[in-house]
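So the chains spell out like this:
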Amino acid sequence: MRTYTSPEEIDAQMKAEKERKRQEQEQEEDGGAAQNDVAEAPGCPGSGSDDSDDEGSLKRKGGVEGLIEIENPNRVVQKPKKVTQIEMDEPRQLSRREREEIEKQKAKERYMKMHLAGKTDQAKADLARLAIIRKQREEAAKKKEEEKKAKEAAAAAARGINSLSLK
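Nothing here was measured: the structure is a model prediction, and the numbers come from that model.

Undergrad: Give me the overall build of the protein chain: which residues, what numbers.
TA: Regarding its fold elements, the protein chain presents five helices and zero strands. Shown N-terminal to C-terminal, the secondary structure of the protein chain runs as helices and strands in the order α-α-α-α-α. For the protein chain, the proportion of contacts with a sequence separation of at least 24, taken over those separated by at least 6, is 26%. Taken as a whole, the protein chain presents about 16200 Å² of accessible surface, with 53% of it coming from carbon and sulfur.

Undergrad: I'd like a description of the pattern of salt bridges, backed by residues and values.
TA: For the coordinates displayed, the defined rule picks out six salt bridges. The shortest N-O distance in the salt bridge between E17 and R20 comes to 2.6 Å. Linking E17 with R20, this pair stays in helix α1 (residues 7-30), spanning three residues, or about one helical turn. Classification of R20 by relative accessible area gives buried; the value is 17%. In this structure, E26 and R22 form a salt bridge, with 2.5 Å as the shortest nitrogen-oxygen distance. Taken together, the residues E26 and R22, both in helix α1 and four residues apart, mark about one turn of the helix.

What counts and what doesn't
Residues numbered from 1 in each chain as written. Predicted model: local features only at pLDDT ≥ 70, side-chain atom pairs only at ≥ 80, totals over all residues. Heavy atoms only, no water. Helix = DSSP H or I, 4+ residues; strand = E, 2+ residues; numbered from the N terminus. Contact = heavy atoms within 4.5 Å. Areas by Shrake-Rupley, 256 points an atom, 1.4 Å probe, with all protein chains shown as cover. Salt bridge = Lys/Arg side-chain N within 4 Å of Asp/Glu carboxyl O. Buried < 20%, exposed > 50% of the residue type's maximum accessible area, 1.4 Å probe, protein only.

Listed below in structure tokens is the structure:
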């Protein structure tokens, strides 16, 4: 069953709203004196409507918000916390992703430590490869040194032959 608002009810609501706004303006102008008068007059249409009128006078609501009072049970009002209420002693619970990320970082650090110590398979292969390269370089250096000595001996022998032939 639908109920419709009659024009008389609408007029009465509009008059009550105008009266309430006029009283709010008087309260703002007079300060606290008009507020006491409104509280003592039980017959006033706007005096017993809400406790949130005090908040509404401080913050003007635009559009339909001023006319319709809405209370959303799902809306969570953020209350400021005092420093004494916040407890930093107890550690906060980590999410699954955060735990996995931390575990991954720790595993990577452990692997790098073992790798630097030469205990992993990859590190052993790298060290073996480095040993082979060192041997090859040492052999190449020895060979180069022998060739250099051979050239010097050949040059000395050629000088010796040249010096003998000149005499």
